Amino acid sequence: MALYDDFFRDVYDIVAQIPRGRVVTYGQIAQLLEMPGYSRHVGQALASAPEGLPCHRVVNASGRTAPHWPRQRKLLETEGVRFKSNGCVDLAATEWELLHTKL
(Lines give C-alpha, C1' and ligand atoms only; values in the text may rest on other atoms or scores of the structure.)
Protein backbone atom coordinates (compact mmCIF):
# COMPACT_ATOMS: atom_id res chain seq x y z
CA MET A 1 0.00 0.00 0.00
CA ALA A 2 2.85 2.42 0.76
CA LEU A 3 4.10 2.07 -2.83
CA TYR A 4 0.76 3.30 -4.17
CA ASP A 5 0.62 6.05 -1.55
CA ASP A 6 4.05 7.28 -2.66
CA PHE A 7 3.13 6.99 -6.34
CA PHE A 8 -0.15 8.89 -5.86
CA ARG A 9 1.64 11.60 -3.86
CA ASP A 10 4.27 11.95 -6.60
CA VAL A 11 1.54 12.24 -9.25
CA TYR A 12 -0.21 14.92 -7.19
CA ASP A 13 3.06 16.83 -6.77
CA ILE A 14 3.53 16.98 -10.54
CA VAL A 15 -0.08 17.89 -11.31
CA ALA A 16 0.04 20.70 -8.75
CA GLN A 17 2.88 22.29 -10.78
CA ILE A 18 1.10 22.35 -14.16
CA PRO A 19 0.65 26.02 -15.04
CA ARG A 20 -2.71 27.51 -15.92
CA GLY A 21 -3.38 27.19 -19.65
CA ARG A 22 -1.07 24.19 -20.07
CA VAL A 23 -1.71 20.45 -20.22
CA VAL A 24 0.26 17.23 -19.85
CA THR A 25 -0.59 13.64 -20.67
CA TYR A 26 -0.96 10.71 -18.34
CA GLY A 27 2.00 9.11 -20.08
CA GLN A 28 4.23 12.14 -19.62
CA ILE A 29 3.57 12.06 -15.89
CA ALA A 30 4.40 8.34 -15.81
CA GLN A 31 7.62 9.02 -17.76
CA LEU A 32 8.59 11.84 -15.43
CA LEU A 33 8.17 9.43 -12.51
CA GLU A 34 10.42 6.97 -14.37
CA MET A 35 7.55 4.51 -14.58
CA PRO A 36 6.75 4.25 -18.30
CA GLY A 37 3.69 2.18 -18.93
CA TYR A 38 1.95 3.42 -15.79
CA SER A 39 -0.36 5.88 -17.54
CA ARG A 40 -3.46 4.10 -16.28
CA HIS A 41 -2.12 4.23 -12.75
CA VAL A 42 -1.72 7.98 -13.14
CA GLY A 43 -5.39 8.08 -14.13
CA GLN A 44 -6.30 6.05 -11.05
CA ALA A 45 -4.39 8.47 -8.86
CA LEU A 46 -6.22 11.42 -10.39
CA ALA A 47 -9.59 9.73 -9.95
CA SER A 48 -9.06 9.89 -6.19
CA ALA A 49 -7.18 13.19 -6.11
CA PRO A 50 -7.77 15.71 -3.35
CA GLU A 51 -10.09 18.65 -4.00
CA GLY A 52 -8.42 21.64 -5.61
CA LEU A 53 -5.77 19.75 -7.57
CA PRO A 54 -5.87 20.90 -11.23
CA CYS A 55 -6.55 17.42 -12.63
CA HIS A 56 -8.36 18.97 -15.57
CA ARG A 57 -4.93 19.83 -16.99
CA VAL A 58 -4.17 16.16 -17.68
CA VAL A 59 -5.34 14.58 -20.94
CA ASN A 60 -4.59 11.41 -22.86
CA ALA A 61 -1.80 11.07 -25.45
CA SER A 62 -4.13 12.21 -28.26
CA GLY A 63 -5.26 15.25 -26.32
CA ARG A 64 -8.68 13.80 -25.50
CA THR A 65 -10.33 14.82 -22.28
CA ALA A 66 -11.84 12.34 -19.82
CA PRO A 67 -14.97 10.81 -21.41
CA HIS A 68 -17.15 11.06 -18.31
CA TRP A 69 -16.10 14.55 -17.29
CA PRO A 70 -17.73 17.08 -19.63
CA ARG A 71 -16.73 19.97 -17.35
CA GLN A 72 -13.04 19.32 -18.07
CA ARG A 73 -13.21 20.95 -21.50
CA LYS A 74 -14.93 24.04 -20.09
CA LEU A 75 -12.27 24.37 -17.37
CA LEU A 76 -9.50 24.14 -19.96
CA GLU A 77 -11.18 26.59 -22.33
CA THR A 78 -11.55 29.06 -19.45
CA GLU A 79 -7.76 28.91 -19.07
CA GLY A 80 -7.20 29.55 -22.76
CA VAL A 81 -6.36 25.99 -23.81
CA ARG A 82 -7.00 25.56 -27.53
CA PHE A 83 -8.89 22.65 -29.01
CA LYS A 84 -8.67 21.25 -32.53
CA SER A 85 -11.72 20.68 -34.71
CA ASN A 86 -11.75 17.00 -33.70
CA GLY A 87 -12.39 17.98 -30.06
CA CYS A 88 -8.89 17.16 -28.82
CA VAL A 89 -6.60 19.59 -27.04
CA ASP A 90 -4.07 21.18 -29.36
CA LEU A 91 -1.07 19.63 -27.63
CA ALA A 92 1.43 21.42 -29.85
CA ALA A 93 0.10 24.76 -28.65
CA THR A 94 -0.62 24.04 -24.99
CA GLU A 95 1.57 21.17 -23.82
CA TRP A 96 3.60 21.99 -20.72
CA GLU A 97 7.32 21.52 -21.12
CA LEU A 98 8.28 19.03 -18.43
CA LEU A 99 11.99 18.75 -19.13
CA HIS A 100 13.02 21.23 -16.46
CA THR A 101 10.58 20.09 -13.78
CA LYS A 102 12.14 19.05 -10.49
CA LEU A 103 10.30 16.83 -8.06
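This report concerns the structure included in the present document. (Residues numbered from 1 in each chain as written. Predicted model: local features only at pLDDT ≥ 70, side-chain atom pairs only at ≥ 80, totals over all residues. Heavy atoms only, no water.)

Remarks on the overall build of the protein
Worth spelling out the cut-off: Secondary structure follows DSSP: runs of H or I at least 4 residues long count as helices, runs of E at least 2 residues long count as strands, and numbering of each begins at the N terminus. Only protein chains enter the area calculation, which uses a 1.4 Å probe; residues under 20% of their type maximum are buried, those over 50% are exposed, and those in between are partly exposed. Note on contacts: a residue pair qualifies if any of its non-hydrogen atoms lie within 4.5 Å across the two residues. We get accessible surface area from the Shrake-Rupley algorithm with a probe of 1.4 Å; when it comes to residues, only the shown protein chains can shield them.
Each helix and strand counted, the protein has five helices and two strands in total. Overall, the protein is about 40 × 30 × 25 Å in size when its C-alpha atoms are taken along their principal axes. Counting across all 103 residues of the protein, residues that qualify as buried make up 38%. Taking as baseline every contact in the protein between residues at least 6 positions apart, the subset at least 24 positions apart corresponds to 63%. About 6500 Å² of surface is accessible on the protein, with carbon and sulfur atoms providing 51% of the total.

Quick notes on the pattern of salt bridges
The condition is simple: Here a salt bridge means any side-chain nitrogen of Lys or Arg lying within 4 Å of a carboxyl oxygen belonging to Asp or Glu.
On inspection of all chains with the given rule, the structure shows six salt bridges. With its nearest N and O atoms 3.4 Å apart, the salt bridge here joins Asp10 to Arg9. Between Arg73 and Glu77 there is a salt bridge, with the nearest N and O atoms lying 2.8 Å from each other. Taken as a pair, Arg73 and Glu77 lie in helix α4 (residues 71-78) at a separation of four residues, close to a single helical turn. On the accessibility criterion, Glu77 (38% relative accessible area) is partly exposed. Overlapping salt bridges, with partners in common, bring together Asp6, Arg9 and Asp10 in one network.

Concerning helix α3 (residues 39-47)
Spelled out, the test is: As used here, the arc is the angular range of directions from the helix axis to the C-beta atoms.
Those residues of α3 not exposed but buried are Val42, Ala45 and Leu46. The buried residues of α3 occupy an angular sector of 95° when the element is viewed end-on, so they sit on one face. The exposed set on the far side of α3, more than 90 degrees from its buried face, consists of Arg40 and Ala47.

Regarding the side chain of Gln72
Along the chain, the position of Gln72 falls in helix α4. Excluding its chain neighbours within four sequence positions, the residues that come into contact with Gln72 are Cys55, His56, Val58, Val59, Thr65 and Ala66.

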